[in-house]
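# Observations on chain architecture
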Amino acid sequence: MNQAELNAYGQMAQALVGHADDWIKSWEFKLPGVSEPVYHHLSDSAFEGVADRLWRLKIFRALDDGANFVFDCERHEAYSVAIANSELGPSFDELLYTVAYLFGDYGSEYWGFSTEQGVPFGVGGRLSPMFDALVKVGYVEKSEAGYVWTRRVAPIMRAAGYESKWPP
């Protein structure tokens, strides 16, 4: 990966950490003998994907059979940890797929993420650093109205289940 791709990769990992941190705080799942906040993926495929990607990047540490995880680094270090472990982790496209699959289900209100083609989104949103980084690698364009996905993301959006919004 070149420098712009590594930056986007780190920003995508940091965005997934934002979700995981919010989920941990809202869910408050506890395990006996574990004092740290636990990320439990509820066997939800999107949450399982997040856990797997963050575990492969050494941002998460598994506690048991792969259903429960804790942070293995400080949250603010996740960007750097992801870049340092990018060769061990998922491919760029796999990480972007995970981002689309996860945040696409939330709608644009909370995370500022959209799966729509040609519709601006995310102005001033929580994921702006990630979108700014994706602009530099050609997946997103930025205007005053917000971010807009480019055709380059189409195969990833289709793979994430948004075929009707991203026809071939």
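This report concerns the structure included in the present document. (Residues numbered from 1 in each chain as written. Predicted model: local features only at pLDDT ≥ 70, side-chain atom pairs only at ≥ 80, totals over all residues. Heavy atoms only, no water.)

### Some points on the pattern of salt bridges
All told, the structure shown has eleven salt bridges when counted by the stated rule. Notably, a salt bridge pairs R56 with D52, separated by 3.2 Å at the nearest N-O pair. Highlighted residues: R56 and D52, both in helix α2 (residues 45–56), separated by four residues, approximately one helical turn. (Salt bridge = Lys/Arg side-chain N within 4 Å of Asp/Glu carboxyl O. Helix = DSSP H or I, 4+ residues; strand = E, 2+ residues; numbered from the N terminus.)

### Some remarks on the sheet that holds strand β2 (residues 60–62)
Spatially, three strands are ordered β1-β3-β2 in an open sheet, and the strand pairing comes out antiparallel. Across the chains shown, the open sheet's two edge strands, defined by having one partner strand only, are β1 (39–40) and β2. Relative to strand β3 (residues 68–71), β2 runs antiparallel, the two being bridged by three bridges. In the strand pairing of β3, F60 is matched with F71. Against the sheet, α2 engages β1, β2 and β3, with an angle of about 100 degrees to β2. (Pairing = 2+ DSSP bridges. Contact = heavy atoms within 4.5 Å. Axes fitted to C-alpha atoms, helices over the stretch in contact; angles between N-to-C directions.)

### Some thoughts on the side chain of R53
Along the chain, the position of R53 falls in helix α2. Discounting residues that sit within four places of it in the chain, R53 has contacts with P90, E94, L95 and T98.

### Things to note about the environment of W111
Considering the arrangement of structural elements, one finds W111 in helix α5 (residues 108–111). Classification of W111 by relative accessible area gives buried; the value is 3%. In sequence terms W111 and G122 are eleven residues apart; their C-alpha atoms lie 7.7 Å from each other. If we ignore the near neighbours within four places in the chain, the residues touching W111 are G18, H19, D22, F103, Y106, R126 and L127. (Buried < 20%, exposed > 50% of the residue type's maximum accessible area, 1.4 Å probe, protein only.)

### Topic: the packing of helix α1 (residues 3–27) against helix α4 (residues 92–103)
Helix-helix packing is characterised by the crossing angle of the two axes and by the distance between the axes. Contact geometry for α1 and α4: axes closest at 10 Å, N-to-C directions at 35 degrees. The two elements α1 and α4 meet at a crossing, and its hand is left-handed. Of α4, the residues touching α1 (which contributes E5, A8, Y9, M12, A13, A15, L16 and H19) are F92, L95, L96, T98, V99, L102 and F103. Grouping the constituent residues of the contact of α1 with α4 by class yields twelve nonpolar, two polar and one charged. (Left-handed = near helix turned anticlockwise from the far one by under 90°. Nonpolar A, V, L, I, M, F, W, Y, C, P; charged D, E, K, R; others polar.)

### Considerations on the nonpolar core
Counting residues in hydrophobic clusters, the biggest one holds 52 residues, and the most contacted among them are Y39, I59, F113, F131, L134, Y139 and W149. Per element, the largest residue contribution to this core is ten residues, and it comes from α1. For Y139, the residues in contact, after removing those within four places along its chain, are F92, D93, L96, L134, V148, W149, T150, R152, V153 and I156. (Core = buried A, V, L, I, M, F, W, Y, C linked by side-chain atoms within 4.5 Å.)

### A closer look at the pairing of β3
Burial along β3 is two-sided: N68 and V70 facing one way and F69 and F71 facing the other are all buried. Inspection of the sheet shows β1 paired to β3 by two bridges, in the antiparallel sense. Following the sheet pairing, H40 is matched in β3 by N68. Connecting β2 to the antiparallel partner β3 that follows it, the hairpin turn spans five residues, and G66 within it adopts a positive phi of roughly 100 degrees.

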